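# Chain and residue survey
The lines below spell out each chain.
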Amino acid sequence: MRSDGSAWNARRWQRSAGFAWAGVRHAYRTQANFRIECWAAALALGAALALRVPLAPVALACALVLSLELVNTALEATVDLVSPERHPLAKVAKDAAAAAVLIASAGALLVAAGTLLPALLRALKLS
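These numbers come from a predicted model, not from an experiment.

Let us now look at the nonpolar core. Counting residues in each nonpolar core, the largest one holds 11 residues, listed as Ala 27, Phe 34, Ala 41, Ala 44, Ala 48, Val 53, Val 58, Cys 62, Leu 66, Leu 116 and Ala 119. Of all the secondary-structure elements, those providing two or more residues to this core are helix H2 (32–51), helix H3 (55–82) and helix H4 (88–126). Counting residues per element, this core draws most heavily on H2, which supplies four residues. Dropping the residues within four chain positions of it, Cys 62 is found in contact with Ala 41, Ala 44 and Leu 45.

Next comes the structure, spelled out in structure tokens:
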């Protein structure tokens, strides 16, 4: 691993951020679930702003789901690289990573139900 000096170096940070955004762009282009989750996150964050509910739990739930989807994508690529043929342990790794995204998504739905739903029902009753 090469080090370009201090972690506080602006050039190093910019380079690292560029690699990270390349990963986000790749996932968005190639992973249908990531695209769906991005739009769901935008919708949830927009609803939180419109309903004037606490933004932090919604933002954290969205970040967790999107982050785990990126980890899942990275793990799948790594497994495909080291084990191009079908292997039971490769399946376990991929299934476990997908399960992490599923559990986070269920948690995000619970956050939405507890944070957004009551405010939405109040707003609809006022209309």
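The subject of this paragraph is the pattern of salt bridges. In the structure shown here, the tally under the stated rule is two salt bridges. For Lys 94, the salt bridge identified is with Asp 80, shortest N-O distance 2.5 Å. Here the residue Lys 94 occupies a position in helix H4, and Asp 80 occupies one in helix H3, the gap between them amounting to 14 residues. Residue Lys 91 pairs with Asp 95 through a salt bridge whose shortest N-O separation is 2.5 Å. Residue Lys 91 and its partner Asp 95 are both found in helix H4; the two are separated by four residues, about one turn of the helix.

Next up on the list: unusual backbone geometry. For Arg 52, which is not a glycine, the phi torsion comes out positive at approximately 55°. Mapping Arg 52 onto the fold places it in the loop between H2 and H3. The exposed category is assigned to Arg 52, whose relative accessible area is 78%.

Before going further, it helps to spend a moment on the layout of surface pockets. Size it by volume and the largest pocket reaches roughly 390 Å³. Ala 40, Ala 41, Ala 44, Ala 108 and Leu 109 are the residues nearest the centre of the largest pocket, which is lined by 19 residues in total. Elements with a contribution of two residues or more to the lining of the largest pocket: H2, H3 and H4. Examining the composition of the lining of the largest pocket, we find that eight residues originate from one element, H4, more than from any other. Of the residues assigned to the lining of the largest pocket, the class counts are 17 nonpolar, one polar and one charged.

Moving on to the UniProt feature "transmembrane region" (unreviewed entry) in the protein chain. UniProt annotation of "transmembrane region" (unreviewed entry) refers to residues 38–66 and 96–121 when read in the numbering used here. Spanning residues 38–66, this segment combines 90% helix with 0% strand, and its end C-alpha atoms are found 7 Å apart.

A word on the environment of Lys 94. Since its relative accessible area comes to 24%, Lys 94 is described here as partly exposed. Each C-alpha atom, one on Lys 94 and one on Thr 73, is 9.2 Å from the other, the two residues being 21 residues apart in sequence. Setting aside residues up to four positions removed in sequence, Lys 94 forms contacts with Asn 72, Leu 75, Glu 76, Val 79 and Asp 80.

All right, on to the side chain of Glu 37 then. For Glu 37, the position within the fold is in helix H2. Buried charge without a partner: Glu 37 forms no salt bridge, and the closest opposite charge is Arg 35, 10 Å away. For Glu 37, the contacting residues outside a window of four places in its chain are Val 65, Leu 66, Glu 69 and Val 101.

Thresholds applied
- Residues numbered from 1 in each chain as written.
- Predicted model: local features only at pLDDT ≥ 70, side-chain atom pairs only at ≥ 80, totals over all residues.
- Heavy atoms only, no water.
- Core = buried A, V, L, I, M, F, W, Y, C linked by side-chain atoms within 4.5 Å.
- Buried < 20%, exposed > 50% of the residue type's maximum accessible area, 1.4 Å probe, protein only.
- Helix = DSSP H or I, 4+ residues; strand = E, 2+ residues; numbered from the N terminus.
- Contact = heavy atoms within 4.5 Å.
- Salt bridge = Lys/Arg side-chain N within 4 Å of Asp/Glu carboxyl O.
- 1 Å grid on protein atoms, 1.4 Å probe; cavity = no way out; pocket = protein on both sides within 12 Å on 5 of 7 lines; lining within 4 Å.
- Points joined across faces, edges and corners; volume = space filled by probe spheres on them.
- Nonpolar A, V, L, I, M, F, W, Y, C, P; charged D, E, K, R; others polar.
- UniProt positions renumbered as here; feature names shortened; annotations may be inferred.
- Lys, Arg positive; Asp, Glu negative; His and termini not counted.

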